[in-house]
Amino acid sequence: MKRPTKSWRVAAAAGAVLLALWPGVPGWSGGASAQQAASAGAGGLDVQQLRPNLYLIAGAGGNIVAQVGPIGVVLVDSGTTEAAPRVLAAIRRLTPLPVRYIINTSMERDHVGGNDLLTSSGLSILPGAVAAGAGLSDTLVSNAGKASVLAHENVQTRMSEATGANAYPFPLWPTKTFAFHSYAMYLNGEGYRVIHQPAAHTDGDLVVEFRRNDVIATGDLVDTTRWPVIDTARGGSVQGTLDALNRLMDMTIFNLPIQWNDERTLLVPGHGRVYDKLDLLEYRDAVTIVRDRVEDLIKEGKTLAQVKAANPTLGYRSEYGTDRGEWTTDMLVETMFKELSTKKTAPSAAGAK
């Protein structure tokens with residue numbers, strides 16, 4: 001399937017034309033220098049143009065989406081702390097304008113690690129004069145002049161509760177949070193819908209929809225390199241993950257009825273390649289089928305060892321499975337078994353009371 005990605009040179013040229021159409025943008029000196037900077041290399045990162053003003057930055061931990069416009073750069077996630085200088089350099093090759101906003105899709109360290117450097121190098125949406133005019137604290141409203149970081153309040157709760165070796169440095173914390181279902185804003189001529197998906201990968205997952213560009217950043221709700229990670233210790237669940245994948249299916253549009261055109265909704269996962277609706281359909285169905293197989297085996301009275309021996313991931317293991325790393329196929333099956341076993345015993349326990 002054709003992937004809507006372009007080279008660095010084409011990306012820089014498109015960005016030059018786009019920004020040239022917006023008069024009065026400070027610091028923009030024309031397309032030639034931007035092209036030369038972009039062609040100088042990406043510091044080991046893979047930068048792909050998804051739309052004329054929307055880019056994927058891969059190789060810095062979690063995938064990063066950068067939207068470039070007349071007021072600066074809006075990012076979805078910031079990668080690891082170690083990769084942050086290279087991410088900033090890659091952004092500078094796209095535009096000389098500052099980072100203005102970061103949206104974190106979860107509390108994962110490879111998604112929030114660059115928050116400190118990238119916000120410090122950026123500029124607040126609401127500078128001091130505006131905040132003072134509203135009678136509000138500059139530090140509170142404008143993050144002391146730095147770029148802002150938006151996340152669900154559960155992300156801040158998890159970060160603030162972590163201690164010892166698991167503690168998050170304060171500069172990585174979000175500066176703005178919300179507790180309800182969704183948050184909407186309009187920046188750079190783009191409408192953003194930031195949607196909370198509860199009890200999925202964790203209890204703080206966000207989906208970010210770029211409405212004008214028809215691109216969705218899924219965070220770790222989708223990981224095309226493996227099965228979705230379900231972090232039950234931080235509020236994640238199998239059912240919540242499936243609910244999130246079904247919600248994403250509802251939000252995406254395929255290129256029908258003119259299938260030879262390339263227009264379609266693009267999904268940027270937390271890790272891995274860009275998906276479209278058909279890719280997401282396969283991923284969602286794989287998780288659903290494995291869940292159903294585990295559930296059927298539980299109904300037959302199988303133990304966890306017997307469920308694993310039955311190989312419920314058959315047919316999908318080569319595509320999404322792994323026996324190494326922090327999240328293996330066995331761990332997925334164990335998580336499903338535990339959650340579904342609890343679900344099975346819940347009605348009888350309630351009836352005994």
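Going along each chain's sequence as written, the residues are numbered from 1 onward. Given that this is a predicted model, residues contribute local features only at a pLDDT of at least 70 and side-chain atom pairs are listed and counted only at 80 or more, while totals for whole chains, interfaces and linings are drawn from all residues. Excluding hydrogens and water, the side-chain figures rest on all heavy atoms present in the structure.

**Observations regarding the sheet that holds strand S8 (residues 182–187)**
Line of reasoning, step 1. Two strands make a pair as long as DSSP finds a minimum of two bridges between them. Secondary structure elements follow DSSP: runs of H or I of four or more residues count as helices, runs of E of two or more count as strands, with numbering from the N terminus. Strand order across the open sheet formed by five strands is S8-S9-S10-S11-S12, with mixed pairing between neighbours. In this open sheet, the two edge strands, each paired with only one partner strand, are S8 and strand S12 (266–271). Direction aside, the axes of adjacent strands within the sheet are offset by 25 degrees on average.
Line of reasoning, step 2. Looking at chain direction, strand S9 (residues 190–197) and strand S10 (residues 205–210) are connected through six bridges and run antiparallel. What sits directly across from isoleucine 195, in S10, is valine 207. Helix axes are fitted only over the stretch in contact, all axes being lines through C-alpha atoms; the angle between N-to-C directions runs from 0 to 180 degrees.

**A look at the pairing of strand S2 (residues 54–58)**
Line of reasoning, step 1. Across the five residues that make up S2, a large majority, five, are buried.
Line of reasoning, step 2. Side chains of S2 alternate between two faces, with Leu54, Leu56 and Ala58 and Tyr55 and Ile57 buried alike.
Line of reasoning, step 3. Pairing of strand S1 (residues 46–51) with S2 involves five bridges; the strand directions are antiparallel. The partner of glutamine 48 across the bridge, within S2, is leucine 56.
Line of reasoning, step 4. Where S1 folds back onto S2 in an antiparallel hairpin, the turn is made up of two residues.
Line of reasoning, step 5. Here four bridges tie S2 to strand S3 (residues 64–69), and the two strands are oriented antiparallel to one another. Its bridge partner being in S3, tyrosine 55 is matched across the sheet by alanine 66.
Line of reasoning, step 6. Counting the residues between successive antiparallel strands, the hairpin from S2 to S3 contains five residues, one of them, glycine 59, with a positive phi of roughly 100 degrees. When accessible area is computed with a 1.4 Å probe and restricted to protein chains, residues below 20% of their type maximum are described as buried, those above 50% as exposed, and intermediate ones as partly exposed.

**Focus: the nonpolar core**
Line of reasoning, step 1. As used here, the term nonpolar core means buried Ala, Val, Leu, Ile, Met, Phe, Trp, Tyr and Cys residues forming a set that is joined through side-chain atoms within 4.5 Å. The biggest cluster of nonpolar side chains holds 34 residues, and the ones touching the most others in it are Trp227, Leu248, Leu280, Val294 and Met336.
Line of reasoning, step 2. At the level of elements, strand S11 (215–223), helix H9 (238–251), helix H10 (277–299) and helix H13 (329–351) are the ones that each hand at least two residues to this core.
Line of reasoning, step 3. In what follows, residue pairs with any heavy atoms lying within 4.5 Å of each other are defined as contacts. Residues within four places of leucine 248 in sequence aside, it is in contact with Val207, Ile216, Thr218, Val222, Leu267 and Leu280.

**Some points on the packing of H9 against H10**
Line of reasoning, step 1. Packing of H9 against H10 leaves a shortest axis separation of 10 Å and a crossing angle of 155 degrees. Accordingly, the angle class assigned to the pair H9 and H10 is roughly antiparallel. The two elements H9 and H10 cross, and the hand of that crossing is left-handed. Within the contact between the two elements, H9 uses Val238, Gln239, Leu242, Leu245, Asn246, Leu248 and Met249 and H10 uses Lys277, Leu280, Leu281, Tyr283, Arg284, Val287, Thr288 and Arg291.
Line of reasoning, step 2. Just so you know the grouping, Ala, Val, Leu, Ile, Met, Phe, Trp, Tyr, Cys and Pro go in nonpolar, Asp, Glu, Lys and Arg go in charged, and all remaining residues, Gly too, go in polar. Classifying every residue of the contact of H9 with H10 by side-chain character gives nine nonpolar, three polar and three charged. For classification, angles of less than 35 degrees are called roughly parallel, those exceeding 145 degrees roughly antiparallel, those between 65 and 115 degrees roughly perpendicular, and all remaining angles oblique. Each crossing gets its handedness from the near helix: less than a right angle anticlockwise from the far helix is left-handed, clockwise is right-handed.

**Regarding unusual backbone geometry**
Line of reasoning, step 1. With an omega dihedral of 5 degrees, the bond running from leucine 256 to proline 257 counts as a cis peptide bond.
Line of reasoning, step 2. By the secondary structure assignment, proline 257 is in the loop between H9 and S12.
Line of reasoning, step 3. A positive phi is found at aspartate 77, a non-glycine position, where the angle reads about 70 degrees.
Line of reasoning, step 4. Checked against the element boundaries, aspartate 77 lands in the loop between strand S4 (72–76) and helix H3 (84–94).
Line of reasoning, step 5. Looking at aspartate 77, the relative accessible area reads 2%, which means it is buried.
Line of reasoning, step 6. Unusually for a residue other than glycine, asparagine 188 sits at a positive phi of about 55 degrees.

**What about the environment of serine 160?**
Line of reasoning, step 1. Inspection of the secondary structure puts serine 160 in helix H8 (residues 153–161).
Line of reasoning, step 2. With 13 residues separating them along the chain, serine 160 and tryptophan 173 place their C-alpha atoms 8.1 Å apart.

**A closer look at the pattern of salt bridges**
Line of reasoning, step 1. Salt bridge criterion: a side-chain nitrogen from Lys or Arg within 4 Å of a carboxyl oxygen from Asp or Glu. Within the structure shown, the criterion is met by 13 salt bridges.
Line of reasoning, step 2. In this structure, the salt-bridge partner of aspartate 279 is arginine 273, at a minimum N-O distance of 3.6 Å.
Line of reasoning, step 3. Taking the relative accessible area as the measure of exposure, arginine 273 reaches 40% and is therefore partly exposed.
Line of reasoning, step 4. Taking the shortest distance from any N to any O, the salt bridge between arginine 284 and aspartate 285 comes out at 2.8 Å.
Line of reasoning, step 5. Since its relative accessible area comes to 16%, arginine 284 is described here as buried.
Line of reasoning, step 6. Salt bridges here are not isolated pairs; linked through shared partners, they connect Glu108, Asp231 and Arg234.

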